[in-house]
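Residue-level structural notes
As a plain string of letters, each chain reads:
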Amino acid sequence: MKTDVLIIGAGGAGLMAAIAAKEEGVDVLVLTKEYPTRSQTCMAQGGMNAALGNVAEDSVESHIQNTLKSAHGEADEESIRFMCSEAINAVEYLDSIGVCFSRTGDGKIAQRRLGGASAPRACYAQDYTGLKILHTLYDRANALGIKFVNDTFLLEVLKDEDGKACGAKVLDIRSGELKTYIAKTVILATGGYSRIYDKYSTNSTASSGDGIAAALRAGAKLKDMEFVQFHPTGLKNSSILISESARGEGGYLLNSKGERFTDELAPRDEVSRAIDEQIKKGEDIFLDIRHLGEQFIDEGLPQERKLAKLYENVDPVHDLIPIKPVAHYTMGGIAVDHRSQTNVERLYACGECANHNVHGANRLGGNSLLEIVVFGREAGRNAAKTAKEVESLSVPAHTECFLDREFTNTVDFYKYKEKIGNLLYNKVGIVRKKSELKSALEELEMVKSLLPQMGWSDSSEIYNTNKQEFLEFRNIVEVSEVVIQSALGRDESCGAHYMEAE
Amino acid sequence: MKITIKRGDSYEIYELEDGSYTLLEALNKIKREIDNTLSFSSGCRSSVCGSCAMRVNEKEVLACSYKVQDGDSVEPLNNMPVVRDLVVDMDKSYEMNVKAKAWIKSFNDEAVLDHEAEKINEVQSDCILCGSCYSSCPVYAVNGEFLGPFSLTRVWKYVSDKRENDAAEKIETIQTNGIWDCTLCNNCTVVCPQNISSKADIEKLRVRSSMFGYSDPNFGSFGGGFDGGFGFDGSPSF
């Protein structure tokens, strides 16, 4: 199967890239692990930053400065300037394709203040901002006739004899067949890697870093992989997210003695550390929104009430909500330049799997939806322009196929998936120590050496999710290794990477 | 507790610990600890991605927001090809969004969307494309070309959007295998996890269609009907 631009991933970034590439007049094909609209983007609630100044005075410069500050000196000012300046166009574009942003009384796009912002800057669509942006981009992609191939799992990025990206090898999940897609340029938009923390993550089960691991195997550089943002209020048992708006609206954090112990509205990394310190002292931690009252909770935080009832068997109107901080967003990813291009020629990346140097050590709330739109478009445009310059499709050089290796299937990988999650949470989590990072790396290398003894027990070719989860597990192992190595490479504390002296 | 899961032509019973947890948690437990071969789809675990729609005791639910009960019988969605176990092929129902032309065709940049206008299609834009509505739809069951509930809701979302300058093409598109084929049985409304009523949206699209000069093709086609061969607007239907 052949196309000009091959896009892997149909979340916000992948869809935006597909739209932009198609508008450049080239053939576009999008491969997705499930269906478009089922990506992590649908879970974004808060909003998308743009200094529109619709409800209070604001400026692009303030947006830039807030983002720089949050990044702790680890981002590129030029990239941030570009993203923040493009934000207004990006919101106008989304509005013009039909995104139902919430409105002010006089018909302007409403904005609210998120953590770290000097003005109400986040444009939102009730509590479903990501969902509504994602679905509208999908509708736009349909209007342009963009083709999707669903239920497709990325195995490897293919390169030609000259080392240039020229396609992808994938597993057709439905039939179990291996397929090769050949393209002039390839864009990875496969999402982040928070799921390496297994049950300690708010993310969809799909966020296993597949594109990042495949890019690494293809020789692409990764950057800032140690920067993992922990959200303070995941539900204790399930890690399902209770939105920051619960604290924004006045919720308290309490320990087992019923004491408040931190400023609930401090940045996410600080609040997470304060909770972690309490947990290490043996305290259980709770979010208390009882004082907000039933009427307010039902109107302002209905989703939170539903999830707490469903997953913790508590009703926040009358009970405390048990919580813990969990992995939420990964700042690190595939290193790209201003054109969204990786160090592998003709391979591009955008969205959470990429590192456009705009988040640095800590992402500002409201900047992730912005990033996927602005840089998704850049990746799509640039990959399309390059594709137009490429005269003919290349032949991929031979690559070894992981699935052809011998697997004895005597060791259960599901147990190790959980073990890696626990290992990372305890030793490569909110607070890190050099000795623990070293021991985590040793343990992980041990797990890696066990891979040939693992495998899948389901022998069916048809929709074999057991096999798929093993392939994801391989990526989890490879990405985790880089996260620990990157953490070991940075001695000082910086943003989400917090080192404790021993 | 025991739950029954339909797998192909047979049913399998799984024994699980008693307790209060979601169906999705139960399925994950079976997958990891009891039977690696059980196939199902899931994603966000918090009812916004639409991946884990299935049927329990003959009613459509999201596995992540349904508390599993002793004796539950779990099946894949109806009206779509079953790929394996609880996984269905939704390509065709997704494709209905394309057939129905569910997008903005011509953007009116002078339209002012105020707070009130925003509410017109707020609930319709909450759709997560989980497919529960297609599974419950008796018309889709017998006519695979019926555009179906979520795509018609999506069309209403755009037709009712003040920013759409040119709704005519969409209205024309939904005349065949669309709004007039719906029997208004309301099943889609009952099963929608997002509280959307596609039935109500279809009724609104009927009204809008008559404003564009279309009429119900089921009327008048019998020649000797009560309306004497005349449509609602009094003009002859031939």
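To be clear, the structure that these remarks concern was listed above.
To start, this report covers the structure provided alongside it.

Reading guide: rules and limits
Residues numbered from 1 in each chain as written. Chains lettered and ligands numbered in written order. Predicted model: local features only at pLDDT ≥ 70, side-chain atom pairs only at ≥ 80, totals over all residues. Heavy atoms only, no water. Contact = heavy atoms within 4.5 Å. Buried area = accessible area lost by both parts, 1.4 Å probe. Salt bridge = Lys/Arg side-chain N within 4 Å of Asp/Glu carboxyl O. Polar contact = N/O pair within 3.5 Å; in protein donor to acceptor, adjacent residues only side chain to side chain. Helix = DSSP H or I, 4+ residues; strand = E, 2+ residues; numbered from the N terminus. Expected span 1.5 Å × (residues − 1). Buried < 20%, exposed > 50% of the residue type's maximum accessible area, 1.4 Å probe, protein only. Pairing = 2+ DSSP bridges. Axes fitted to C-alpha atoms, helices over the stretch in contact; angles between N-to-C directions. Parallel < 35°, antiparallel > 145°, perpendicular 65-115°, else oblique. Left-handed = near helix turned anticlockwise from the far one by under 90°.

Observations regarding the interface of chain A and chain B
Between chain A and chain B, the contact holds 63 residues from the first and 57 residues from the second. Together chain A and chain B conceal approximately 4,800 Å² of surface at their shared face, both sides included; 46% is due to carbon and sulfur atoms. Seen at the junction of chain A and chain B, the total is seven salt bridges. For A:Lys132, the salt bridge identified is with B:Asp126, shortest N-O distance 2.8 Å. For the pair chain A and chain B, the number of links is 45 residue pairs in polar contact (both at pLDDT 80 or more). Contributions of two or more residues to the side of chain A that touches chain B are made by helix 3 (77-96), helix 4 (129-143), helix 9 (302-312), helix 11 (413-427) and helix 13 (465-488) of chain A.

Details of helix 1 (residues 12-23) of chain A
Residue and element names in this part refer to chain A. Between its first and last C-alpha, helix 1 extends 17 Å over 12 residues, near the 16 Å set by a 1.5 Å rise per residue. Burial runs high along helix 1: 10 of the 12 residues are buried. The set of residues buried in helix 1 consists of Gly 12, Ala 13, Gly 14, Leu 15, Met 16, Ala 17, Ala 18, Ile 19, Ala 20 and Ala 21. Immediately beyond the C-terminal end of helix 1, within one or two residues, lies Gly 25, with a positive phi of roughly 90 degrees.

Re the pairing of strand 4 (residues 59-62) of chain B
All names here are of chain B. Bridging between strand 3 (residues 53-56) and strand 4 involves four bridges; their strand directions are antiparallel. Residue Arg 55 lies in a different strand from strand 4, and its bridge partner there is Glu 60. The hairpin formed by strand 3 and strand 4 contains two residues between the paired strands, and Asn 57 there has a positive phi angle of roughly 50 degrees.

Some points on the side chain of B:Ser209
Residue and element names in this part refer to chain B. Among the structural elements, Ser 209 can be located in helix 9 (residues 198-211). Relative accessible area serves as the criterion here: at 0%, Ser 209 is assigned to the buried category. Once residues lying within four places of it in the same chain are set aside, the contact partners of Ser 209 are Ile 171, Ile 174, Gln 175, Ile 179, Trp 180 and Tyr 214.

Section: helix 10 (residues 367-389) of chain A
Taking 1.5 Å of rise per residue, the 23 residues of helix 10 of chain A would be expected to cover 33 Å, and the 33 Å separating its terminal C-alpha atoms lies within 8% of that figure. With respect to burial, helix 10 of chain A is a largely interior element, 19 of its 23 residues being buried.

What about the side chain of B:Asn143?
All names here are of chain B. By the secondary structure assignment, Asn 143 is in the loop between helix 5 (138-142) and helix 6 (149-159). Of the polar contacts made by the side chain of Asn 143, one reaches the side chain of Asn 177; its length is 3.0 Å. Not counting residues up to four positions away in its chain, the partners in contact with Asn 143 are Asn 177 and Asp 181.

Topic: the pairing of strand 2 (residues 10-15) of chain B
All names here are of chain B. Bridge analysis of strand 1 (residues 2-7) against strand 2 gives six bridges, and the strand direction is antiparallel. Its bridge partner being in strand 2, Ile 5 is matched across the sheet by Glu 12. The loop that links strand 1 with its antiparallel partner strand 2 comprises two residues; one of these, Gly 8, has a positive phi angle of about 65 degrees.

Some points on the environment of A:His231
Residues and elements named next belong to chain A. With respect to the helices and strands, the residue His 231 is situated in strand 11 (residues 228-235). Overall, His 231 belongs to the buried group, its relative accessible area being 1%. Measuring from C-alpha to C-alpha, the distance between His 231 and Ser 201 comes to 8.8 Å, with 30 residues separating the pair along the chain. Once residues lying within four places of it in the same chain are set aside, the contact partners of His 231 are Leu 241, Ile 242, Glu 244, Arg 247, Arg 268, Ser 272, Lys 324, Pro 325, Val 326 and His 328.

Quick look at the environment of B:Ser215
With respect to the helices and strands, the residue B:Ser215 is situated in the segment after helix 9. In the structure, B:Ser215 is positioned 40 residues away from B:Gln175 in sequence and 9.1 Å away in space, judged by C-alpha atoms.

What about the packing of helix 11 of chain A against helix 13 of chain A?
Residue and element names in this part refer to chain A. The N-to-C vectors of helix 11 and helix 13 enclose an angle of 25 degrees; their axes lie 10 Å apart at closest approach. With respect to helix 13, the element helix 11 is oriented roughly parallel. When you trace helix 11 past helix 13, the crossing you get is left-handed. Taking contact as the criterion, the partners of Phe 413, Tyr 414, Tyr 416, Lys 417, Ile 420 and Leu 424 in helix 11 are, on helix 13, Asn 466, Glu 469, Phe 470, Phe 473, Ile 476, Val 477, Ser 480 and Ile 484.

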